[in-house]
Amino acid sequence: MTEDISYGIIVNSVVEILKKAQTGLPQDVIDALRKAQAQESSSIAREQLEAILRNIDIAGRKKIPLCQDTGILIFFVEIGRAVKLDFDIEAAIIEGARVATECIPLRPNAVDPLTRHNTGTNTGEGIPDIKYEFVEGDQIRITAAPKGAGSENMSALKMFNPTEADRIREFVLETVLKAGGKPCPPIIVGIGIGGSFDKAARLSKLALLEDTNKMDGFEVSILKDINSLGIGPMGLGGDTTALAVHVKKACCHTASLPVAVNIQCWANRHASVTLGGVK
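Residues numbered from 1 in each chain as written. Predicted model: local features only at pLDDT ≥ 70, side-chain atom pairs only at ≥ 80, totals over all residues. Heavy atoms only, no water.

A. View of unusual backbone geometry. Along the chain, Ile 127 connects to Pro 128 via a cis peptide bond; the corresponding omega equals 5°. Position of Pro 128 among the secondary structure elements: in the loop between helix H4 (89-103) and strand S2 (129-135). A positive phi angle, close to 65°, is found at Arg 116, a residue other than glycine. Inspection of the secondary structure assignment puts Arg 116 in the loop between H4 and S2. Classification of Arg 116 by relative accessible area gives exposed; the value is 54%. Located in the positive-phi region is Met 234, a residue other than glycine, with phi close to 60°. You can see Met 234 is positioned in the loop between helix H8 (217-227) and strand S6 (242-250). (Helix = DSSP H or I, 4+ residues; strand = E, 2+ residues; numbered from the N terminus. Buried < 20%, exposed > 50% of the residue type's maximum accessible area, 1.4 Å probe, protein only.)

B. Representation of the sheet that holds strand S7 (residues 257-264). What the four strands build is an open sheet, ordered S4-S7-S5-S6; its pairing is mixed. Where the open sheet ends on each side, the last strands, each with one partner, are strand S4 (156-160) and S6. For this sheet the average axis-to-axis angle between neighbouring strands, irrespective of direction, equals 15°. Relative to S7, strand S5 (residues 187-194) runs antiparallel, the two sharing six bridges. Its bridge partner lying in S7, Gly 190 is registered against Asn 262. Packing of helix H7 (residues 197-207) onto the sheet brings it into contact with S4, S5, S6 and S7, and relative to S5 it is tilted by some 145°. (Pairing = 2+ DSSP bridges. Axes fitted to C-alpha atoms, helices over the stretch in contact; angles between N-to-C directions. Contact = heavy atoms within 4.5 Å.)

C. Inspection of the layout of surface pockets at higher detail. Roughly 470 Å³ of internal volume is contained in the largest pocket. Element by element, the count of residues in the lining of the largest pocket is highest for H7, at four residues. Of the residues that constitute the lining of the largest pocket, the class distribution is seven nonpolar, three polar and eight charged. Of the domains in this structure, domain 1 (7-24 + 65-147 + 269-276) and domain 2 (27-61 + 149-264) are the two that each give at least three residues to the lining of the largest pocket. Counted as a void, the second largest pocket has a volume near 300 Å³. (1 Å grid on protein atoms, 1.4 Å probe; cavity = no way out; pocket = protein on both sides within 12 Å on 5 of 7 lines; lining within 4 Å. Points joined across faces, edges and corners; volume = space filled by probe spheres on them. Nonpolar A, V, L, I, M, F, W, Y, C, P; charged D, E, K, R; others polar. Domains from an automatic or database assignment.)

D. Local environment of the domain arrangement of the protein. Looking at the protein, the domain boundaries give domain 1 (7-24 + 65-147 + 269-276) and domain 2 (27-61 + 149-264). Taken together, the contact pairs 13 residues of domain 1 with 16 residues of domain 2. For the domain 1 and domain 2 pair, buried surface summed over both sides reaches about 1100 Å², with 62% attributable to carbon and sulfur atoms. The partner of Lys 147 in a salt bridge is Glu 152, with the nearest N and O atoms 2.8 Å apart. In terms of residue class, the side of domain 1 that touches domain 2 is made up of six nonpolar, three polar and four charged. (Buried area = accessible area lost by both parts, 1.4 Å probe. Salt bridge = Lys/Arg side-chain N within 4 Å of Asp/Glu carboxyl O.)

E. Broad picture of the pairing of S2. Alignment of strand S1 (residues 74-80) against S2, held across seven bridges, turns out to be parallel. Bridge pairing links Val 77 to Tyr 132 in S2. Crossover connection from S1 via H4 to parallel S2: handedness right-handed. (Right-handed = clockwise from strand over helix to strand, strands pointing away.)

Structure, rendered in structure tokens:
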């Protein structure tokens, strides 16, 4: 027998994962920050990392947001093919976002792109940004990944020629160097390679959810290059400009090579819940 999934359960679950994401960080991110602090050669950089770690501790103990910019609300939803729903799951997620905005509380960040009218609820036309994927099984997994503007504004996408794969590393480094201290480093860098114009961007954002401890040789080599730039924590210099680099790829058109770089600040906020399954 499959555990019931109702409209109310989705609403409450969204509120809880937003609260968890906004007031704390995944353990792998905290561990990466602690490791960076232990290895930093710059005293100023160590002080900045210590302030970040204190901030995380205070937010966790007091159950308040880590940052005044509680971000634009983004959700990744994996739906098992065996799941049967008799309600509008998107409406439930949006309602959860409204409730969370009031009760956590969250800064209302959703505005009309032209008039700049603020909806006041972190919801509106096209927002929250909800990405769906159908998977095997009888469960639903929802991941909340709030994204602040400071880091999002420093992200970039470029359509390369197919012969220019050797320029990808240079593009990543140029993007990080141009960003400087604006995205509140140490950053995490998500790179999407391939797909289409929009697919590359989606891949780069999805890459930010990967475990900071797990990188392949290509990712580690780019991380070393980024850290050699010397931007450091909060842009004040040091050995740690980035904590991790993650790459996600997709096949692309024979005449195309899209590459997206999505920059995340040190507050790599995300939390998940899994619902349903056999009782």
